[in-house]
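Here are the chains, one letter per residue:
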Amino acid sequence: MSATTRSPAMTRSTPTIDRRTVLRWASGLGAAAILPSCARGTLTRAAPGDDVTLNNDNPTWAPGFESAGEVLRAKTGHGFAIRAVPDVSSYQQVVRMSAQTDSTTDLVKWWNGYRLQDVARAEIFADLTAAWDEAERNGWVDPSLRESFSYDGKPYAVPIYQSYYAVFYSRPAYQRLGLEVPQDWDQFIANAQALRDDGVTPILSAGASSWESLIWFQQLLIGLDPDFYAALTEGAASYTDDTAQEAMAIWADMYEQKLFSPPDSQVTELPGRFAEGSVGMNLHGVWNANAFAQAGVDEDTFGLFLLPAVAATAPPAVVTESGALAVTVNAHKMTEALEVAGAWLDTDVQQAWVDFLSDLSANPSALPPVQPVQDLAAQIEQASPVLATRYWEASPPVLVEGNVEELSAFMTEPTLAMAKSTLQRMQNRADAEWDRWSM
Amino acid sequence: MTALDERNSALTPRTRPARPGNSQRPHGSLLLFLFPAVALVGILLILPFLFTVYRSFFRDNGFSRSWVGLENYTTLLTDDIFLRSVLNTGMWTAGTLLLPVLLGLLIAVGTNSVRWGPMARFAIVLPYALSGSVTALLWNFMLQTDGATNAMLDSLGLSTLERSWLLEWPMNTIVMIIATTWQATGASMILFLVGLQAIPAETIEAGRVDGAGGFRLFRSIVLPQLRPISVVVIGISLVNSLKTFDIVWLLTRGGPGTESETLALTMYRQTFTLSRYGYGAAVAVILTVIVLLASWTYLRRQLRTN
């Protein structure tokens, strides 16, 4: 055979790649990429080493959790591996579904009140009695908060933070008009009127299509009678009672006086509009102070005050909101997760956390480095107001979600007639949903 | 023997393609080729749908479920929010069938043979290249009560025309349909343009020779030849309008309250916000039935006619 003659075997050995080879390689690589991810989602895989996984609905909190995790690692030997699902609805579904399986994170962020009870009664969270006992023994938490983290007498979560609903006000606008922080309801209204007369939007109030429509509803109710608010949210009073009617009438009157922004305003506009002095005030969770910090707004731009009671006879009251940190019963590292939950309220851990969060902790010794928030903490300590659970967590979730939509609709047509029909529909929903809740 | 007869006789029985309805059983390899597509549709579409139908007969909160039969469906029929949702979906269907399809056709015809046509078509197609969320952001900026539209009306001395565009029903649904029209017209126009360019020039010339011109030429010569592409454009618009979700979710979240909700939003809210999986499944089943019925009725009629 001459040197130039090639055998069939030699022909096959040339480096040409036929279509079948390409397809085989592509299939192999595809399977290699897909199959491992079928085994377990990256969101729910156990953390490497001694760390525990924590799932939450706010990706921007990751640096804060990391820094609190460093302190936790020094104290318990376990830090955080953070997971996040940014959309709240999706997050809730992920937790509800995954917590029933072994594809769950060790810890999850949740809500307190009825939202916690809603899932705690399905037995997906672990009992944190030991963690609460230790926190109370060390003076890390106000024991009165325990109830809103409990179901059937046992706590199932510890507070992630302790936020209050207070009025953010624009210092430039207040200074320009010579206004003082109001000491009573009449002075608050007078301030708002002065801002309006100066061409400033007195109160930015969002909520046309968001949960924020509940903010003024709950505030006016606790400003009239905190006991009535507690009874209403527990299903022991009616939305058509006089106090609720009065609250809605005051709300409608404030709209009539043009004290509110249009309801499709966005609270994200606030830092910029405060700085330019075009908005005077905004009633919101103090956690929004973080938005000011992140927008690079100077601390001199805004202040915070507790809204005075509406009725002269009503005691001072403030709405409070807490995120909840829970351990799932199917946690990969149950012992470690319980240790972390037990140490979460430690002052050093909380200090690292609020240094990032710019909000208050359930541990009163940990204060964020934001002067207006520190001043508010001092006001709260001095006034010792009645603490009212935010409406979002204060009643069964389906009832709240439906009623919040009614309130959003009211904000777009804030008349007395609309107020009356809104309250009636809210009560009808309450009748149905309380029945469902107890089924 | 005609040329056609010659070609037929040249085809042996072995090489002649099988006709539909032929009693020959499909070859094994054909089944193999069909399998991936059938399996994908079966596993990802048919099975989940059957499971959704099954789930709609339960009261289900994700943790526990109890059989309630048709209760979810009977509750839906007396639920004002659901009925408003059906009405809004009807408005979306009518609006998006009328506006983007009609405008797409008119613009395609109007710019098909003029010198500045490509420029005009580019301007119309550009919004189609934007994502739904960018479109919503843009329109939100314009339609907020403190937004650009009201500011412009105010500066022109037309403050009486200012509205809370996204807060009043049915105005909010109407402006969202207009926003969708702005974005979707480009797609219809491109498809109609493809149809127009496929029309043989001889038929137009023949029409002109016979004395037709202007609107008569369009109605009697062009439009009938656009029919196949019209079936596609209208069919796509019909299905898209029935499952409208993204722009409503981004602009109003179905609000204020639930006033601008479409069926797709009601399904999402019941399932993912309220965790009422059974009720949400019932809405999903009704939406699917409506989409299938509408598409099937329309396509069956159109394809049979063709």
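Computed from a predicted model, the values in this text were never measured in an experiment.

Each value, and the rule that gives it
- Residues numbered from 1 in each chain as written.
- Chains lettered and ligands numbered in written order.
- Predicted model: local features only at pLDDT ≥ 70, side-chain atom pairs only at ≥ 80, totals over all residues.
- Heavy atoms only, no water.
- Helix = DSSP H or I, 4+ residues; strand = E, 2+ residues; numbered from the N terminus.
- Buried < 20%, exposed > 50% of the residue type's maximum accessible area, 1.4 Å probe, protein only.
- Contact = heavy atoms within 4.5 Å.
- Rg over C-alpha atoms; globule rule 2.2 N^0.38 Å.
- Lys, Arg positive; Asp, Glu negative; His and termini not counted.
- Charge placed at Lys NZ, Arg CZ, Asp CG, Glu CD.
- Pairing = 2+ DSSP bridges.
- Core = buried A, V, L, I, M, F, W, Y, C linked by side-chain atoms within 4.5 Å.
- Domains from an automatic or database assignment.
- Axes fitted to C-alpha atoms, helices over the stretch in contact; angles between N-to-C directions.
- Nonpolar A, V, L, I, M, F, W, Y, C, P; charged D, E, K, R; others polar.
- Phe/Tyr/Trp six-rings, centres within 6.5 Å; stacked < 30°, edge-to-face > 60°.
- Lys NZ or Arg CZ within 6 Å of the ring centre and 35° of its normal.
- Buried area = accessible area lost by both parts, 1.4 Å probe.
- Salt bridge = Lys/Arg side-chain N within 4 Å of Asp/Glu carboxyl O.
- Polar contact = N/O pair within 3.5 Å; in protein donor to acceptor, adjacent residues only side chain to side chain.
- Parallel < 35°, antiparallel > 145°, perpendicular 65-115°, else oblique.
- Left-handed = near helix turned anticlockwise from the far one by under 90°.

Student: Before we go on, may I ask you to explain the overall build of chain A in this structure?
Tutor: Scanning chain A for helices and strands turns up 19 helices and 13 strands. By residue count, 55% of the 439 residues in chain A fall in the buried class. In chain A, once contacts between residues fewer than 6 apart in sequence are set aside, the share between residues at least 24 apart is 76%.

Student: For this particular structure, what's the right way to read the overall build of chain B?
Tutor: Scanning chain B for helices and strands turns up 14 helices and two strands. Relative to the compact-globule value of 19 Å for 306 residues, chain B shows a C-alpha radius of gyration of 25 Å, a clear excess of over 25%. Its C-alpha atoms give chain B principal-axis dimensions of roughly 75 × 60 × 30 Å. In chain B, which comprises 306 residues, the share counted as buried stands at 40%. Side-chain charges in chain B split into 23 positive and 16 negative, and the spacing between the mean points of these groups amounts to 12 Å.

Student: Where do I start with the pairing of strand β2 (residues 80-84) of chain A in this structure?
Tutor: The two faces of a sheet get side chains in turn, since along a regular strand they alternate between them. All names here are of chain A. The element β2 is largely enclosed, with a buried count of four among its five residues. Where strand β1 (residues 52-56) lies against β2, five bridges are found, and the strand directions are parallel. Opposite Asn 56, over in β2, you have Ala 84 as the bridge partner.

Student: Sorry, what's going on with the environment of Trp 185 of chain A here?
Tutor: Residues and elements named next belong to chain A. Counting through the fold element by element, Trp 185 comes out in helix α8 (residues 185-197). Separated by 238 residues in the primary sequence, Trp 185 and Leu 423 place their C-alpha atoms 24 Å from one another. Beyond its immediate chain neighbours, meaning those up to four positions away, Trp 185 contacts Trp 216, Leu 220, Ile 250, Met 254, Leu 307, Pro 308, Ala 309 and Val 310.

Student: What's the story with the nonpolar core in this structure? I'm lost.
Tutor: Across soluble globular proteins, nonpolar side chains have a tendency to be buried as a group. Residues and elements named next belong to chain A. One finds Trp 216, Phe 217, Trp 251, Trp 344 and Trp 353 to be the most contacted residues of the largest nonpolar core, which totals 117 residues. Built from parts of two domains, this core gets at least three residues from each of domain 1 (52-162 + 322-364) and domain 2 (163-320 + 389-437). Ignoring sequence-local partners within four residues, the contact set of Phe 217 consists of Leu 232, Tyr 239, Met 248, Trp 251, Tyr 391, Leu 407, Leu 423 and Met 426. Ranked by size, the runner-up nonpolar core spans 22 residues in total, among them Leu 204, Val 267, Val 318 and Ala 377.

Student: It is not clear to me how the packing of helix α4 (residues 80-111) of chain B against helix α13 (residues 263-273) of chain B should be interpreted in this structure. Could you clarify?
Tutor: Helix-helix packing is described using two parameters, namely the angle between the two axes and the distance between the axes. All names here are of chain B. In the contact formed by α4 and α13, the axes pass within 8 Å of each other and the chain directions differ by 145°. Contacts from Ile 81, Phe 82, Ser 85, Val 86 and Thr 89 in α4 reach Leu 263, Thr 266 and Arg 269 in α13. Looking at side-chain class alone, the contact of α4 with α13 contains four nonpolar, three polar and one charged residues.

Student: How should I be thinking about the packing of aromatic side chains in this particular structure?
Tutor: The geometry of an aromatic ring pair is captured by the separation of the ring centres together with the interplanar angle, meaning the angle of the planes. Residues and elements named next belong to chain A. Scanning the entire structure with this criterion turns up 41 aromatic pairs over all chains. Taking 5.5 Å as the distance between ring centres and 45° as the angle between the ring planes, the aromatic pair formed by Tyr 169 and Phe 305 counts as tilted. Of this pair, Tyr 169 sits in strand β7 (residues 163-170) while Phe 305 sits in strand β10 (residues 302-305); the two residues are 136 residues apart in sequence, bridging distant segments of the chain. Like Tyr 169, the residue Phe 305 is buried in the burial classification. Clustering of aromatic rings is evident, with ring pairs tying together Trp 61, Phe 65, Phe 80, Tyr 161, Trp 344, Trp 353 and Phe 356. Over the aromatic face of Trp 211 sits the side chain of Arg 390, whose NZ or CZ is 5.2 Å from the ring centroid.

Student: Honestly, the interface of chain A and chain B in this entry has me stumped. Any pointers?
Tutor: Accessible area lost during the coming together of the parts is what is often quoted as the interface size. With 28 residues of chain A at the contact, the number on the chain B side is 24 residues. Of the roughly 2,300 Å² buried between chain A and chain B on both sides combined, carbon and sulfur atoms contribute 48%. Per-residue buried area on chain A facing chain B is highest for Gln 93, Asp 264 and Glu 405 of chain A; these three make up 23% of the total on that side. Linking chain A with chain B are two salt bridges, by the criterion used here.

Student: Would you mind showing me how to read the domain arrangement of chain A here?
Tutor: Residues and elements named next belong to chain A. Domain parsing of chain A yields domain 1 (52-162 + 322-364) and domain 2 (163-320 + 389-437). The centre of domain 1, based on its C-alpha atoms, is set 28 Å off from the matching centre of domain 2. Taken together, the contact pairs 16 residues of domain 1 with 20 residues of domain 2. For the domain 1 face of the interface with domain 2, the top three residues by lost area are Tyr 114, Arg 115 and Gln 162, together amounting to 43%. As a salt-bridge pair, Arg 115 and Glu 401 come within 3.4 Å of each other at their nearest N and O atoms. Inspection of the domain 1/domain 2 interface yields ten residue pairs in polar contact (both at pLDDT 80 or more). Of all the elements in the fold, those that place two or more residues in the side of domain 1 that touches domain 2 are α5 (113-120) and α15 (347-357). The biggest single contributor to the side of domain 1 that touches domain 2 is α5, with five residues. Grouping the constituent residues of the side of domain 1 that touches domain 2 by class yields six nonpolar, six polar and four charged.

Student: In this structure, what is going on with the pattern of salt bridges? I would like to understand it.
Tutor: Once the charged atoms of two side chains with opposite charge are near each other, the side chains can pair. Residues and elements named next belong to chain A. For the coordinates displayed, the defined rule picks out 22 salt bridges over all chains. In this structure, Arg 146 engages Asp 133 in a salt bridge whose closest nitrogen and oxygen atoms are separated by 3.1 Å. On the criterion of sequence distance, the pair formed by Arg 146 in the loop between α6 (129-137) and β4 (150-151) and Asp 133 in helix α6 is long-range, its members being 13 residues apart. By relative accessible area, which is 32% here, Asp 133 ends up partly exposed. The salt bridge partner of Arg 425 is Glu 406, with a shortest N-O separation of 2.8 Å. In this pair, Arg 425 sits in helix α19 (residues 416-437) while Glu 406 sits in helix α18 (residues 397-412), placing the two residues 19 residues apart along the sequence. For Arg 425, a relative accessible area of 33% corresponds to the partly exposed category. According to the relative accessible area criterion, Glu 406 is buried, its value standing at 10%. Sharing partners across several salt bridges, the network here consists of Asp 51, Glu 70 and Arg 73.

Student: Sorry if this is basic, but what is going on with the side chain of Thr 320 of chain A here?
Tutor: All names here are of chain A. Mapping Thr 320 onto the fold places it in strand β11 (residues 317-321). Looking at Thr 320, the relative accessible area reads 9%, which means it is buried. If we ignore the near neighbours within four places in the chain, the residues touching Thr 320 are Gln 162, Ser 163, Tyr 164, Leu 387, Ala 388, Thr 389 and Arg 390.

Student: In this structure, what is going on with the packing of α4 of chain B against helix α8 (residues 171-197) of chain B? I would like to understand it.
Tutor: All names here are of chain B. Closest axis-to-axis distance for the α4/α8 pair is 6 Å, and the angle between their directions is 40°. Viewed along their axes, α4 and α8 adopt a mutual orientation that is oblique. As α4 runs across α8, the sense of the crossing is right-handed. Here the contact of α4 with α8 is composed, by residue class, of 18 nonpolar, nine polar and no charged.

Student: Sorry, what's going on with α15 of chain A here?
Tutor: Residue pairs spaced three or four apart in an α-helix point in one direction, given the helix's 3.6 residues per turn. All names here are of chain A. Restricting attention to buried positions, one finds in α15 the residues Val 349, Gln 350, Ala 352, Trp 353, Val 354, Phe 356 and Leu 357. Residues of α15 that are buried in the fold lie against α3 (62-76), α13 (289-294) and α14 (334-343). Put simply, Asp 346 is the residue that caps the front of α15, since its side-chain oxygen is 2.8 Å from the backbone nitrogen of Asp 348.

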